[in-house]
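# Close look at the chain arrangement
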Amino acid sequence: HFDLSIRQLRLRYNETASWALDGVNLDLPQGARLALVGPSGAGKSSLMGALLRFYPFEGRIALGGIPLENLGGDEVRSHIAVVEQQPYLFDASLRENLKLGRPDVTDEELRTVITQARLDSYVDSLPHGLDTWVGENGIRVSGGEARRIAIARALLMDAPILILDEPTEGLDAVTANELYDSIAVAARGRSLLVITHRLGKLCSLVDEVAVMRDGRVVERLPVEAYRSRF
Ligand code: ADP
Ligand code: ADP
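In what follows, the accompanying structure is described. All values reported here derive from a predicted model rather than from experimental measurement. (Residues numbered from 1 in each chain as written. Chains lettered and ligands numbered in written order. Predicted model: local features only at pLDDT ≥ 70, side-chain atom pairs only at ≥ 80, totals over all residues. Heavy atoms only, no water.)

## Some words on the overall build of the chain
Each helix and strand counted, the chain has eight helices and ten strands in total. The C-alpha atoms of the chain give 18 Å as radius of gyration, which agrees with the globular expectation for 230 residues (17 Å, within 12%). Projected onto its principal axes, the C-alpha coordinates of the chain cover approximately 50 × 40 × 35 Å. In the chain, which comprises 230 residues, the proportion classed as buried is 50%. Sequence-distant contacts in the chain: of pairs separated by 6 or more residues, those separated by 24 or more amount to 68%. Summed over all atoms, the accessible surface of the chain reaches about 11,200 Å², with 47% contributed by carbon and sulfur. On the chain, the mean spot of the 26 positive side-chain charges and the mean spot of the 32 negative ones are 5 Å from each other. (Helix = DSSP H or I, 4+ residues; strand = E, 2+ residues; numbered from the N terminus. Rg over C-alpha atoms; globule rule 2.2 N^0.38 Å. Buried < 20%, exposed > 50% of the residue type's maximum accessible area, 1.4 Å probe, protein only. Contact = heavy atoms within 4.5 Å. Areas by Shrake-Rupley, 256 points an atom, 1.4 Å probe, with all protein chains shown as cover. Lys, Arg positive; Asp, Glu negative; His and termini not counted. Charge placed at Lys NZ, Arg CZ, Asp CG, Glu CD.)

Here it is in structure tokens:
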């Protein structure tokens, strides 16, 4: 099982800075679907940075009961898939970009995740389909497409925990709707953590909301209760 447990997590970016995370307690039991909300500067990105072991921290983070420091960075990233706000695309074909986490993947598996990530018509519209160059020297990929490519990658990785960082930021309503569908599929059978400063329609994807402020989780409540305040 892959319960995620965070206790008394503290993080600061240098010795003299104030604490960006100042005693975070948070549980994400396997299969939970949680939104982490809070104003800019509350510590949401820092929390993700600690989880992925980008920054040293104080306190305890455990994944399936194992302290994070006992897991290698690669091991952590094979359990926790992250869809970044601006997913990185390598200077390579779409096929190579999708296979990233799994070099041995078959065309059939690729097709399945492309469908699940709602990328079929996108792939069909490309001049060379999956062999179209999407990186730096390739075609222009929009923000929404890049995120759905990242979701397909996460599906191929088959990680038990999926984290989405501001998934609908900068997207128009139509593009955002396509993304909700692919997130809903990707979240099946996984734990989901959606990080956002504005929950909006993302509330349909989660059951609970944790509110961050000044480096702490100050509240956790069912999504209906959170919505009824607005
Ligand atoms: P959020 O993601 O909720 O906007 P952040 O985790 O980015 O919050 O920020 C929490 C605090 O940490 C803020 O005071 C911010 O200025 C600081 N901070 C974030 N990233 C860095 C960094 N790379 N270097 C120094 N301070 C940072
Ligand atoms: P939109 O107009 O939909 O907001 P953007 O032009 O802002 O799309 O692109 C969003 C992100 O997608 C970029 O920040 C970048 O990370 C990624 N991206 C777009 N095109 C490419 C590309 N050809 N190669 C690599 N990354 C790309």
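Okay, back to it.
## A few points about the pairing of strand E10 (residues 216-222)
Here strand E9 (residues 208-213) runs beside E10; their pairing, made up of six bridges, is antiparallel. The residue bridging Arg213 from the neighbouring strand is Arg216, located in E10. Counting the residues between successive antiparallel strands, the hairpin from E9 to E10 contains two residues, one of them, Asp214, with a positive phi of roughly 45°. (Pairing = 2+ DSSP bridges.)

## Remarks on the sheet that holds E10
Here six strands make up an open sheet; going across it, the order is E6-E7-E8-E3-E9-E10 and the pairing mixed. The two strands at the open ends of the sheet, each matched to only one other strand, are strand E6 (80-83) and E10. Between one strand and the next, the sheet's axes are offset by a mean angle of 20°, whatever the strand orientation. (Axes fitted to C-alpha atoms, helices over the stretch in contact; angles between N-to-C directions.)

## So, the site of ligand 1
Every residue close to ligand 1 is listed here: Tyr13, Ala20, Pro39, Ser40, Gly41, Ala42, Gly43, Lys44, Ser45 and Ser46. One of the backbone N or O atoms of Gly41 is found 2.7 Å from an oxygen atom in ligand 1. Note that an oxygen atom of ligand 1 is positioned 3.2 Å from one of the backbone N or O atoms of Ala42. Coverage of ligand 1 by the protein chains reaches 55% of its 550 Å² of free accessible surface. Counted by class, the shell around ligand 1 contains four nonpolar, five polar and one charged residues. (Near = heavy atom within 4 Å. Polar contact = N/O pair within 3.5 Å; in protein donor to acceptor, adjacent residues only side chain to side chain. Nonpolar A, V, L, I, M, F, W, Y, C, P; charged D, E, K, R; others polar.)

Fair warning: the whole summary comes from geometry, so function is off the table for now.
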